[in-house]
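One-letter residues, chain by chain:
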Amino acid sequence: MRLLLVEDDADVAETLVLYLEKQGFVVDVATSLAMARDALDDGGFDLVVLDRGLPDGDGVSLIAWSEQRNRRQRFIVLTALSSIDHRVEGLESGAEDYIAKPFEPRELLARIRTALRRPIETRRETRRFGPLMHDLESGVFFVDETPPTLRRTEALVLEALMARPGAVIQRETLEARVYGYDK
Ligand code: CA
């Protein structure tokens, strides 16, 4: 398994490389976002361990960059920025996991192994409105993470309303959507 470690702290990087290579991983190190982008362009990494505070920006931006290029890549974010807000931000950006510094290499190893066992999830396109979520890929609706029981016509109405949250939609428009589809 090949890992990319994006970390600008030489001591942390050295410790982790020694430890992870002893566990059988091949580890490449990038000390900046620019280096990490070059490495990811070359490809072949099973997982990226990503520091946030890098000399040329926030490491988390690499996740969006990678997704824009349609790369299926696992990330574990490693950082001293450990407030709840930062953790949530990290996870919502598409990282598999988030580890606050200081941490034990053993913990990182366990998280890496867990992440590698999971299939890579591509970020799904969704629409949200309050507690409602519409997964555009599967067409399934969720209310607070639970799919409600909806008839086909109800789902079509809801889909039309969620496409334009807050907008007034004419009854005729909705009828056309619902009955038009059934003809
Ligand atoms: Ca750093």
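Residue numbers restart at each chain and count upward from 1, following the sequence in its written direction. It should be noted that, the model being predicted, local features are given only for residues of pLDDT at least 70 and side-chain atom pairs only at 80 or more, the latter also being counted only at that level, while totals for whole chains, interfaces and linings use all residues. With hydrogens and water set aside, each side-chain value is computed from the structure's full complement of heavy atoms.

S.K.: Explanation requested: helix α5 (residues 105-117) in the structure shown.
M.R.: For the α-helix, the turn length of 3.6 residues means that residues three or four positions removed from each other point alike. Going along the chain from the N terminus, every DSSP run of H or I of four or more residues is numbered as a helix, and every run of E of two or more is numbered as a strand. Helix span, expected: 1.5 Å multiplied by one less than the number of residues in the helix. Between its terminal C-alpha atoms α5 stretches 19 Å, which fits the 18 Å expected from 13 residues at 1.5 Å a residue. Exposure is judged per residue with a 1.4 Å probe applied to protein chains only, and the accessible area is read against the type maximum: over 50% gives exposed, under 20% gives buried, and values in between give partly exposed. Listed as buried for α5 are P105, L108, L109, I112, A115 and L116. All buried residues of α5 project into a common sector of 130° when viewed along the axis, lining one side. Counted as exposed and oriented over 90 degrees from the buried face of α5: R106 and R117. Contact definition: two residues touch when any of their heavy atoms are within 4.5 Å. In this structure, the buried side of α5 is in contact with β1 (2-6), α1 (10-22), β3 (47-51), β6 (75-79) and β7 (97-100). It is the directions from the helix axis to the C-beta atoms whose arc is reported.

S.K.: Just checking my understanding: could you explain the coordination of the calcium ion for this structure?
M.R.: The textbook angles at a metal center are 109.5 degrees for a tetrahedron of four donors and 90 or 180 degrees for an octahedron of six. Coordination here is defined by N, O and S atoms within 2.8 Å of the metal (3.2 Å for Na, K and Ca), and since water is not considered, a site can look incomplete. The coordination sphere of the calcium ion contains the protein donors D8 (OD), D51 (OD) and G53 (O), at a distance range of 2.2 to 2.4 Å. As a motif over one chain, the donors of the calcium ion read D-x42-D-x1-G. Residue D8 is found in the loop between β1 and α1, and its partner D51 is found in strand β3; the two are separated by 43 residues along the sequence. Overall, D8 belongs to the partly exposed group, its relative accessible area being 34%.

S.K.: Just to check I follow, could you spell out unusual backbone geometry for this structure?
M.R.: With an omega of 0°, the peptide bond between K101 and P102 qualifies as cis. Take P102: it is sitting in the loop between β7 and α5.

S.K.: How should the sheet that holds strand β8 (residues 126-129) be read in this particular structure?
M.R.: The strands making up a sheet are joined through hydrogen bonds of the backbone, oriented either antiparallel or parallel. Strand order across the open sheet formed by 3 strands is β8-β9-β10, with antiparallel pairing between neighbours. The open sheet is flanked by β8 and β10 (141-143), the only strands paired with a single partner. Averaged over all pairs of adjacent strands, the angle between their axes in this sheet comes to 15°, without regard to strand direction. Each axis is a line fitted through C-alpha atoms, and for a helix only the stretch in contact is used; angles between axes span 0 to 180 degrees, taken between their N-to-C directions. Sitting on the sheet, helix α6 (residues 152-163) is in contact with β8, β9 (132-135) and β10, with an inclination near 100° to β9. One requirement defines pairing of two strands: DSSP has to find at least two bridges between them.

S.K.: Just to check I follow, could you spell out the sheet that holds β7 for this structure?
M.R.: The sheet built from 5 strands is open, its strands ordered β2-β1-β3-β6-β7 with parallel pairing. Each having just a single partner strand, β2 (26-30) and β7 make up the two edges of the open sheet. Adjacent strand axes in the sheet meet at a mean angle of 20° when their direction is disregarded. Pairing between β1 and β2: 5 bridges, direction parallel. Residue pairing in the sheet places V6 in a bridge with A30 of β2. Relative to β2, α1 is tilted by about 165°, and along the sheet it contacts β1, β2 and β6. The strands touched by helix α3 (residues 61-68) within the sheet are β1, β3 and β6, with β6 carrying the most contacts at an inclination of about 165°.

S.K.: Looking at this structure, I do not really get the packing of helix α2 (residues 33-42) against α3. What am I missing?
M.R.: Axes are the key here: two packed helices are described by the angle between their axes and the distance separating the axes. Here α2 crosses α3 at 30°, and the two axes come no closer than 11 Å. Between α2 and α3, the angle is such that the two are roughly parallel. In this structure, α2 crosses over α3, and the sense of that crossing is right-handed. Across the interface between the two elements, L33, A36, R37, L40 and D41 of α2 pack against S61, L62 and W65 of α3. The residue classification treats Ala, Val, Leu, Ile, Met, Phe, Trp, Tyr, Cys and Pro as nonpolar and Asp, Glu, Lys and Arg as charged. All others, Gly included, are polar. Looking at side-chain class alone, the contact of α2 with α3 contains 5 nonpolar, 1 polar and 2 charged residues. Working rule for angles: under 35 degrees goes down as roughly parallel, over 145 as roughly antiparallel, 65 to 115 as roughly perpendicular, anything else as oblique. Here is the rule for handedness: rotate from the far helix to the near one, and if that takes an anticlockwise turn smaller than a right angle the crossing is left-handed, while a clockwise turn gives right-handed.

S.K.: Sorry, what's going on with the environment of G166 here?
M.R.: Considering the arrangement of structural elements, one finds G166 in the loop between α6 and α7 (171-182). Residue classification places G166 among the exposed positions, given a relative accessible area of 74%. Along the backbone, G166 and L50 are 116 residues apart, and their C-alpha atoms lie at a distance of 38 Å.

S.K.: Could you clarify how one ought to interpret the side chain of H134 in this entry?
M.R.: Along the chain, the position of H134 falls in strand β9. When near neighbours in sequence (up to four residues on either side) are disregarded, H134 contacts E125, T126, R127, G139, V140, F141, E159 and M162.

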